[in-house]
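In case you want the letters, here they are:
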Amino acid sequence: MSAHCEAEVLRIKSKMERALNEKSEEPVLDMLKALQALPVNLEILQKTRIGMTVNSLRRASKEEEVITVAKALL
């Protein structure tokens, strides 16, 4: 289960990084909500470093809902 979760977190992370690089906010909220639904544990957080990506997304976003969901995740 945790290997599947880790793979899913990495997939979402790469999508988020792409969105950050392209400065598009379209699917970002969906990605954050998908991440919220996953059973992420400390090991997955450390391995994937997803927290850093979510934090970058939070800082770069101007959408209040994106910022709120990102803060809740962190």
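Below you will find a few notes about this structure. Residue numbers restart at each chain and count upward from 1, following the sequence in its written direction. This being a predicted model, a pLDDT of at least 70 is required before a residue's local features are given, and a value of 80 or more before pairs of side-chain atoms are given or counted; all residues contribute to the totals for chains, interfaces and linings. By convention in this description, side-chain values take in all heavy atoms of the structure and omit both hydrogens and water.

1. A word on the side chain of T53
Going by this rule: The helix count covers DSSP runs of H or I at least four residues long, the strand count covers runs of E at least two residues long, and both are numbered beginning at the N terminus. Each residue is assigned to one of three classes by its accessible area relative to the maximum for its type, calculated with a 1.4 Å probe on protein chains only: buried under 20%, partly exposed between the two thresholds, exposed over 50%. By definition in these notes, contact holds between two residues if any of their heavy atoms fall within 4.5 Å.
Tracing the sequence through the fold places T53 in helix 4 (residues 50-60). Classification of T53 as buried rests on a relative accessible area of 7%. Contacts of T53, omitting those with residues within four sequence positions, involve K13, M16, E17 and L20.

2. Here we look at a nonpolar patch on the surface
Inclusion rule: Here the term patch refers to residues with relative accessible area over 30% and no salt bridge, with like charges joined within 9 Å and nonpolar side chains (Val, Leu, Ile, Met, Phe, Trp, Tyr) within 5 Å. What sets the accessible areas is the Shrake-Rupley method with a 1.4 Å probe; for residues, cover comes only from the shown protein chains. A pairing counts as a salt bridge when a side-chain nitrogen of Lys or Arg comes within 4 Å of a carboxyl oxygen of Asp or Glu.
A cluster of nonpolar side chains, contributed by V40, L42 and L45, occupies part of the molecular surface with about 250 Å² of accessible area. Checked against the element boundaries, L45 lands in helix 3 (residues 42-48).

3. Things to note about unusual backbone geometry
Unusually for a residue other than glycine, R49 sits at a positive phi of about 55°. Residue R49 is classed as partly exposed on the basis of its relative accessible area of 48%.

4. Some words on the nonpolar core
In plain terms, the rule: The definition of a nonpolar core used throughout is a set of buried Ala, Val, Leu, Ile, Met, Phe, Trp, Tyr and Cys residues joined through side-chain atoms within 4.5 Å.
In this structure, V9, M16, V28, L32, L35 and V54 are the most contacted members of the largest nonpolar core, which totals 18 residues. Of all the secondary-structure elements, those providing two or more residues to this core are helix 1 (2-22), helix 2 (28-37), helix 4 and helix 5 (64-73). In contact with V9, not counting residues within four places along its chain, are L35, L38, V40, I44, T48 and I50.

5. So, the environment of R49
With respect to the helices and strands, R49 occurs in the loop between helix 3 and helix 4. Once the C-alpha coordinates of R49 and V9 are considered, the two residues, 40 residues apart in sequence, prove to be 9.6 Å apart. In this view, R49 contacts K13 and I44; residues no more than four positions away in its chain are not counted.

6. Quick look at the environment of L45
For L45, a relative accessible area of 38% gives the class partly exposed. Filtering out sequence-adjacent residues up to four positions away, L45 remains in contact with V40 and I50.

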